[in-house]
Structure formats: structure tokens, C-alpha cells
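Descriptive structure summary
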Amino acid sequence: MSIFGCLFPCAPQPGWREGLESERCMSERMGASASASQGAEGAAGLDLSQNLPGFEPPAPREKKKRVTGFATLKKKFIRRRRSSKACDHGRILRELVSDWSPVEVAALLEEYDALQALKDLCVQAELARPPAATFKQDLSSLYDFKYCTDADLVYRGACFPIHRALVSARCPYFRDLLAGCPGYGARICLDLRSPSVDVQLFSALLRYLYTGDICHHNGSIDLNLLRRLREEFGSPNPLEDDLRYLLDSGDHADAALVFTEGADGLLGPRPDSAGSEYGFRPRLELPCHRAVLAARSPFFRSLLARRARIQEERQPTRIVLDEGVIPKRYARVLLHAVYLDQVDLNLISRGGCGGGLGEAQALAHTGRARPSPLEEAMELYQIGRFLELDILAQGCEDLILEALSLDTLPSVLQWSRQPYGSAWVHRQALHFLREEFQPVAQSPVLHQLDKEHIIEVLKSPFLQASELEVLQAVLKWGEHELIRRMEDREPNVVSHTAHSVTRKGVKKRDLSDIELREILSDLLPWVRMDHVLPPNSEVLLQAIRRGLVSTPPSHMIGGERENLRVNAWIRGSKMNGLFVQPRLFIPYYDELKVLVEDQLVQEAEILRGRRARCGPDPDISYMTDIRGGPSGVDVLSSAPPVPDAAALNTMLKREQKLRQAPGCQLALSMPLGSRAEIGRQIRLRVVREFNLPDNVAEALEAYRIGTLTEENSTAGRRSPARRRLVTPPRRLAEPPDGRLPDVAMAPSTLGPPPAPSELRLDLGDGPPPRATLRAAYRLCPPGPPFAPPAPVPRFL
């Protein structure tokens with residue numbers, strides 16, 4: 001009998017692994033209830049055999065029951081182990097706060113509440129992007145601005161330039177009318193049977209043909225009369241159906257997209273374009289309509305405008321595109337997005353060799369000629385940006401985000417950080433990395449991340465991992481990076497040889513701690529060592545012994561002083577410099593809410609008293625920016641173009657509207673919420689909605705402060721002391737050269753920062769001690785909360 005049989009006599013000996021595998025598969029198909037019911041059946045069979053001594057079930061059934069019972073027991077142990085592992089974070093936090101007072105636990109919960117409200121605003125700011133215009137909006141603008149018109153309708157002395165293809169496809173009446181007057185620039189006089197149709201109503205009828213919508217906001221139009229005109233003009237189909245008909249049929253096509261290899265980009269027929277290019281490569285020519293191209297893309301609009309000056313408009317416009325820039329296999333996807341606002345990768349021509357820059361790059365980098373759907377979406381995004389087709393670019397961004405996973409995360413991060421990548425996709429990829437940091441740290445994907453990406457997520461207070469897991473991930477990444485450097489330095493020319501580092505492997509004791517410390521010098525400062533739980537973790541102690549962590553946690557060097565571990569997690573009454581804002585780790589947050597709800601209900605009065613004594617967290621980030629900003633940095637070299645006064649005022653109105661949203665009001669109402677960070681996230685969302693760079697948010701804040709300062713100075717509501725601190729900024733309206741003035745972007749141009757004595761606060765109890773501003777706020781006596789001072793402009 002084997003050792004396993006001696007230890008577990010009831011366990012089956014032959015074939016027990018196959019039985020376990022079959023049982024596991026059956027349990028996965030049927031769920032947890034199946035294993036419970038099978039365990040109940042096993043228990044019932046055991047009781048039956050005890051009550052009936054003569055009962056002997058068949059051997060195979062008995063064997064199967066035993067396998068089922070053992071497998072069920074094993075599954076229960078596995079389930080219990082997994083559940084205990086999932087609850088480890090809650091248990092560790094309970095051990096941390098076990099000797100805390102109820103007020104201290106509630107204070108930590110307030111920190112997490114403020115972070116949760118701020119996280120909601122950050123997610124909204126990351127998702128913000130300017131909305132892409134739909135085909136209805138673009139066709140409405142086409143009717144207003146009259147791009148590429150080819151016929152004129154004259155009604156009661158008013159001339160209406162129109163587009164023959166659109167109007168003919170939309171209305172049978174105008175189709176028959178324009179068919180009788182062929183030719184470019186035909187002028188047709190109309191005489192309608194309904195005498196009550198005036199010029200304004202006729203214009204609304206034409207706009208309805210272009211957009212498919214009736215102008216409900218215009219109260220001067222008789223909508224009932226407009227509906228009765230359907231009997232005379234005919235009821236049009238849905239706008240999308242008519243555009244699909246124009247795309248599929250090419251009816252009234254007056255342009256064509258020609259895809260050739262090695263084209264020089266000139267418009268018009270090529271001398272060697274008869275039948276094929278270079279004698280062996282056929283060319284692709286797709287009919288289209290100038291009106292639709294001009295309406296959807298500023299690139300095509302300017303291209304057609306230049307063509308109109310050098311060629312007769314009566315001739316069809318042939319737009320020759322170089323396949324090295326825009327591969328012809330994307331031609332139908334491009335036109336489908338132009339006409340119907342849909343990005344369908346199934347329309348990509350995948351037959352043949354195809355050619356194109358994208359396939360050549362894919363063959364060079366991945367070793368295969370056909371790129372993946374993710375790579376095709378990335379290349380289509382670049383085409384959309386090149387053609388200024390926002391609907392195509394945003395559609396590709398959505399496709400890339402749908403394909404984002406652990407396997408594709410490194411490639412998406414690498415692509416999106418490039419100048420030709422998408423900043424919106426980069427923000428979503430970083431958000432995905434923050435939310436899925438735990439599985440990323442346990443997979444080989446961690447080794448494929450760049451140091452810049454890891455630093456970016458380590459800076460975030462919303463990283464979803466415990467600080468111990470963060471430390472382990474950083475050490476793991478650093479050791480892998482060190483092994484990679486050792487492999488690059490190995491003397492063997494051929495890897496995987498007998499003496500190759502790659503083949504024989506590297507043990508941890510062979511790693512140089514000095515070189516590892518140099519690799520992790522930029523990462524470890526962002527790990528919050530005071531928040532590593534449990535505090536006596538072997539990983540932390542080993543990192544300290546190896547000299548990787550230069551400054552150990554405060555509780556290890558505190559000696560006989562007060563409970564420094566508490567001061568590192570919550571804001572204490574004394575400013576001892578130990579507090580580090582904890583990360584919003586959801587298991588910790590959920591466990592704290594349960595603790596407060598279960599144990600601190602009776603302490604509500606104490607909590608309200610603490611809020612009244614401490615007051616809200618002061619907005620001092622703008623003050624610290626004044627004194628802590630780097631000097632001698634060329635800030636103007638990367639200054640963005642400044643919007644005009646009208647755009648800035650519109651952005652300020654949008655900011656005020658967002659501030660009134662429930663989520664923003666909730667964040668502002670948090671006692672420990674940072675108003676400066678809340679305002680920054682709102683401004684980031686505004687500038688991203690207006691398709692502006694993130695650094696325009698600072699210009700928007702400077703413009704807002706300048707406007708408020710001018711209003712206050714005009715009303716005479718500023719005190720002399722305040723006037724001494726704040727210098728009215730220059731208005732940013734109508735910049736002379738399209739860039740921010742020096743006073744807004746270069747803090748060092750107006751001289752040194754004010755002396756520390758000018759930044760002291762008068763709290764009513766004499767001159768404050770020489771301490772930081774945050775310490776001055778913390779030394780306020782108990783009483784009602786005081787109002788924080790108005791923000792000081794950053795250009796002081």
C-alpha cells in the first residue's frame with residue numbers, strides 16, 4: 001500500500017486523479033450548488049449504510065461516491081483558503097486599528113471618503129474628450145456654409161445653393177427636377193403649388209433634407225404646414241438609409257478616391273494610370289461625393305478648395321492617395337466612417353499581399369504580414385488624425401479600449417505614449433493598470449512595463465494594491481531588470497550556451513544590491529513605507545537589510561515616543577511631518593466602513609466635534625507652488641497656444657456648471673477634501689472637452705483669478721492687506737502672438753517670491769510661530785471652522 005493509502009485509507013488508489021479532474025469539470029459546469037448537492041448525497045449514502053448493515057452498494061458506485069466526497073472536501077478546503085486569502089486585507093487592517101480610538105478610526109475613514117469623491121472626479125476627467133461631430137451635424141454645417149455646391153434653386157427671389165447628389169437622393173421631387181436640368185451650376189426657378197410656403201419655410205424644408213430633423217426651436221415655422229408638404233415633395237427615407245444608398249450605388253458621384261503605390265499626391269489622372277500601376281499592381285478607385293467629403297473632413301475640404309482653383313468644376317475630382325500613407329485595404333472602412341459614422345474592421349480588405357506601410361512595419365516587428373485587429377485600429381486612428389476625421393479617430397479609440405487586456409496592455413501603453421498615439425487611450429490604459437495592478441504584478445506583463453509607466457501609477461493615490469504588494473512588485477521588476485542587464489553584459493556572443501547567464505539562470509544571492517538600488521532609486525521613493533502592512537513584513541525587513549530602503553518606516557525608528565504608526569495614517573493635532581496620505585485601496589475602505597457602522601454609531605457626537613475643531617483641509621497647494629517651483633526653467637518653450645477671450649469665457653461657464661454637479665459638491669463638502677486638487681481635476685476635464693492640452697488648465701485658472709481680481713478691485717471689496725499680497729494679473733484676452741504672456745507662465749520673471757513673513761496668517765492669538773503654512777492651520781484653537789483665504793495666483 002502506498003504512503004497516500006496509509007494516510008488516507010478511504011481515498012481511492014487507482015485512477016483517483018482522473019476522478020478528481022472529472023469531478024472538477026462537472027463542478028465548474030454545474031456551479032457551487034452542484035458540489036453541495038453531491039456532498040449531501042454522499043452523506044445520505046453513508047447514513048444509509050450505517051442503518052442497514054446488510055446493504056452493500058456496487059463497488060464502482062461506492063468508488064465514485066468516495067471520489068466525489070474527497071473531491072468535495074478538497075474543494076471546500078480550496079474555497080476556504082481562497083476566501084481567507086481574499087479577507088487577508090480586511091484582517092490586516094483590523095489588526096492595525098485594533099488599538100486605535102474610535103475617533104482615530106473615523107478620521108481614517110474620512111480620509112478614504114475624501115479620496116473616493118476625488119477619484120470620481122479624476123475618472124470623469126480621464127474620460128473627457130471633445131465629442132466628434134455626427135453626419136447630421138456636419139451636413140447641417142454643409143447647408144449653412146455651402147461648401148462644394150453644384151446647383152442653385154431660386155424661390156421667390158432668394159437663391160439657395162444646393163448639392164445635387166444629396167437633394168436628389170433625399171427627395172423624389174427634386175430628383176425629377178434636377179434630372180431635367182443637368183450640368184454643373186444649373187440655376188432652377190421653383191413655383192410651388194402651396195402659396196403659403198414662404199422663403200423661411202422653404203429654407204427649413206431644405207435643412208430637413210440635409211439633416212433629417214425639423215427645427216423645433218424655431219417657433220416661427222408652421223410645423224403642420226411643413227408636414228403637409230410631404231404630399232407634394234414626397235416623404236424621404238431616413239437620412240442614414242439615403243447616405244448608405246449613395247455610398248453603395250455611387251449615384252451622382254462627382255469624385256473618386258484613387259489608391260496607388262508611389263503616387264506623388266497630385267490631383268488628376270496619372271499618365272501611366274491606364275489599367276494598373278507599374279504594370280503589375282492594380283489600382284483601386286472608389287466613387288464618392290465631394291459634398292460629403294467636404295462636410296466630414298477639413299482635410300478634404302481644403303483639398304477640394306485648392307482643386308477648384310486649378311481645374312474646372314465640371315470635371316469629376318480624382319483624389320489620388322499614396323498607399324504608403326493610407327493603404328488601400330482601409331479604403332472601404334474610411335468611406336464607411338465618412339458616410340455612416342461607423343468603424344467596421346470587417347470591411348478591411350485582407351486578401352492578397354496588400355502592401356502598405358502598416359503591413360511592412362508589422363512584418364518587420366512581429367514577423368507576420370497581416371497585423372492584428374488592434375494594430376489595424378491603431379493604424380486607422382493615425383489615418384483619421386491625418387485626414388482630420390474625428391469620427392474615425394474616436395471610433396478607433398473605442399476599439400482599442402475594447403481590446404485592452406493584460407496581454408495587450410504593454411503594446412497599448414507604448415503606442416499611446418508616442419506623438420502619433422492617442423492621449424485619451426493613454427489615460428485609459430494607465431487607469432486600467434492602476435485598477436488591475438494586482439494581477440499585473442503577478443504576471444509576466446510586469447516585466448514588459450517601462451519605468452515611466454510604473455512611476456506614473458505609483459504616484460497615484462488610487463492604485464488598487466496594498467503597499468506590501470506594491471513593494472513586492474517594485475522589487476520584482478527591479479530584479480528582472482537587473483538580470484536583463486546582466487544578460488546584456490555577458491561575454492558570450494551566443495546565448496543559451498553552457499556558460500550563458502540566460503541558460504544557467506541567476507539566483508537572488510548573485511544579484512548586486514548596489515546596482516539594484518541604483519535601478520530602483522526612482523521607484524522606491526514612491527512606495528509609502530509607513531503603510532506597509534503587516535509592519536513587520538519579511539519583504540520590508542529584507543529590503544531594509546539589503547540597503548534598498550534608505551529610510552525605514554517611522555514606527556521602526558520611533559523609540560519611546562507616541563504612537564507614530566497612527567500619525568503616519570491620519571492627520572494628528574500636532575504637525576510632526578509623519579502623515580502620508582494613504583492610498584484608496586478598496587478592501588481597506590470597505591473594511592473601515594464596516595467597522596465604523598458596527599462599532600462607532602454611539603460616537604457620532606464625538607465625530608461632529610472633531611470636524612468642528614479641525615475644519616476643512618486648507619488649500620495651500622497654490623502657496624507651496626509659489627515657493628517650491630523650480631527656478632531657471634524655460635517654461636515658455638512648451639507654452640501652448642492660448643484660446644481667445646470668448647473661448648476662455650465659455651470654458652469658465654462650463655467649469656462653473658461642473659462645480660454645481662452633485663459629484664463635485666460631494667467632494668467639496670468633504671472635511672478633508674483638497675479643494676485645490678478638486679479644482680484642478682475640473683479644469684482638466686474642461687480643457688480636454690475643448691480638445692486642448694492639459695497645461696491650458698493653468699492658463700484657465702490664471703484667467704479666472706484675473707477676472708475675479710478685477711471684479712473685486714472694481715467693487716472695492718478688497719482690504720489693504722489683501723491688496724498688498726495680490727497683484728492684479730494681466731487679462732489673457734487677445735494675446736499678441738498666440739502664446740501665454742510672461743506674467744502667466746514664468747513665475748520667476750516678477751522677482752523672488754514674497755518673504756515668509758508676508759505669508760503668515762493672523763489667527764487672532766498673536767504672531768504665529770515660524771512653521772510651515774500647514775502647521776499654522778493645524779495650530780488653530782478649538783472652535784468653529786475658519787474660512788480659508790482666497791487662492792493666491794501662481795504668477796506671484
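In what follows, the structure referred to is the one given above.
The structure reproduced in this document is the subject of the present report. These figures come from a predicted structure and were not determined experimentally.

Below, the discussion takes up helix H20 (residues 409-416). For H20, a buried count of six out of eight residues is recorded, marking the element as mostly surrounded by other parts of the structure. Among the residues making up H20, those that are buried are Leu409, Pro410, Val412, Leu413, Trp415 and Ser416. Against the buried residues of H20 lie helix H18 (373-386), helix H19 (390-402), helix H21 (423-435), helix H22 (437-441) and helix H23 (451-459).

Our next topic: the sheet that holds strand S8 (residues 317-322). What links the strands of a sheet is backbone hydrogen bonding, and the strands pair in either a parallel or an antiparallel sense. What the three strands build is an open sheet, ordered S7-S4-S8; its pairing is mixed. Taken across any chain shown, the strands that pair with only one partner, and hence form the sheet edges, are strand S7 (284-288) and S8. Ignoring strand direction, the axes of neighbouring strands in this sheet form an average angle of 20°. Bridging between strand S4 (residues 255-260) and S7 involves five bridges; their strand directions are antiparallel. Looking at S7, one finds that Val258 is bridged to Glu285. Most of the contacts of helix H16 (residues 331-340) go to S7, to which it runs at about 10°, and overall it touches S4 and S7.

Residues of helix H33 (residues 662-669) that are buried: Cys664, Ala667 and Leu668. What you see down the axis of H33 is that its buried residues fit within an arc of 100°, all on one side. Buried positions along H33 lie against helix H6 (102-127), helix H32 (645-659) and helix H34 (675-689).

What follows is about empty space enclosed by the protein. If you walk through the whole model with that rule in mind, you get nine cavities of 30 Å³ or more. Residue lining of the largest cavity: Cys171, Leu205, Tyr208, Leu209, Ile214, Leu226, Arg227, Leu229, Arg230, Phe233, Gly234 and Pro236, and that is the complete set. Contributions of two or more residues to the lining of the largest cavity are made by helix H10 (199-211), helix H11 (223-228) and helix H12 (230-233). Among the elements that take part in the lining of the largest cavity, H10 stands out by supplying three residues, more than any other. Here the lining of the largest cavity is composed, by residue class, of nine nonpolar, one polar and two charged. For the lining of the second largest cavity, the class distribution of residues is six nonpolar, two polar and two charged.

Quick look at the packing of H18 against H19 now. Packed helix pairs are characterised by how far apart their axes lie and by the angle those axes make with each other. One can describe the packing of H18 onto H19 by two numbers: an axis separation of 8 Å at closest approach and a directional angle of 160°. In terms of their interaxial angle, H18 and H19 are classed as roughly antiparallel. The way H18 lies across H19 gives a crossing that is left-handed. For the pair formed by H18 and H19, the contact residues are Leu374, Ala377, Met378, Leu380, Tyr381, Gly384 and Arg385 on the first element and Leu392, Ala393, Cys396, Glu397, Leu399 and Ile400 on the second. Partitioning the contact of H18 with H19 into residue classes produces 10 nonpolar, one polar and two charged.

This brings us to the packing of H20 against H21. The geometry of H20 relative to H21 is characterised by a closest axis approach of 9 Å and an angle of 145° between their N-to-C directions. Considering how the two elements wind past one another, H20 and H21 form a crossing that is left-handed. The residues of H21 that touch H20, namely those facing Leu409, Val412, Leu413, Trp415 and Ser416, are Val425, His426, Ala429, Leu430, Phe432 and Leu433.

Of the two faces of strand S3 (residues 186-189), the one holding Ala186 and Ile188 is buried and the one holding Arg187 and Cys189 is not buried anywhere. Looking at chain direction, strand S1 (residues 151-155) and S3 are connected through four bridges and run parallel. Along S3, the bridge assignment pairs Ala151 with Ala186.

Now for the layout of surface pockets. If you add up the space inside the second largest pocket, you get close to 740 Å³. Lining the second largest pocket are 29 residues, and of these Tyr381, Arg385, Glu397, Ala423 and Asn691 sit closest to its centre. Elements with a minimum of two residues in the lining of the second largest pocket: H18, H19 and H21. Across the lining of the second largest pocket, the residue classes tally to 12 nonpolar, eight polar and nine charged.

Another aspect to go through is the nonpolar core. In this structure, Phe174, Phe202 and Leu257 are the most contacted members of the largest nonpolar core, which totals 124 residues. In terms of residue count, helix H24 (residues 467-489) provides more of this core than any other element does, nine residues in total. Apart from residues lying up to four places away in sequence, Phe202 is in contact with Leu153, Tyr155, Phe160, Phe174, Leu190, Leu192 and Val197. Core analysis: the second largest hydrophobic core is formed by 50 residues, Ala114, Leu652, Ala667 and Tyr703 among them.

A word on the side chain of Arg427. Locating Arg427 in the fold gives a position in helix H21. Within the structure, the side chain of Arg427 is placed 3.0 Å from the backbone oxygen of Ala128, a separation counted as a polar contact. Look past the residues within four positions of Arg427 in its chain and what remains in contact with it is Ala125, Glu126, Ala128 and Arg688.

Calculation criteria
Residues numbered from 1 in each chain as written. Predicted model: local features only at pLDDT ≥ 70, side-chain atom pairs only at ≥ 80, totals over all residues. Heavy atoms only, no water. Buried < 20%, exposed > 50% of the residue type's maximum accessible area, 1.4 Å probe, protein only. Helix = DSSP H or I, 4+ residues; strand = E, 2+ residues; numbered from the N terminus. Contact = heavy atoms within 4.5 Å. Pairing = 2+ DSSP bridges. Axes fitted to C-alpha atoms, helices over the stretch in contact; angles between N-to-C directions. Arc of directions from axis to C-beta. 1 Å grid on protein atoms, 1.4 Å probe; cavity = no way out; pocket = protein on both sides within 12 Å on 5 of 7 lines; lining within 4 Å. Points joined across faces, edges and corners; volume = space filled by probe spheres on them. Nonpolar A, V, L, I, M, F, W, Y, C, P; charged D, E, K, R; others polar. Parallel < 35°, antiparallel > 145°, perpendicular 65-115°, else oblique. Left-handed = near helix turned anticlockwise from the far one by under 90°. Core = buried A, V, L, I, M, F, W, Y, C linked by side-chain atoms within 4.5 Å. Polar contact = N/O pair within 3.5 Å; in protein donor to acceptor, adjacent residues only side chain to side chain.

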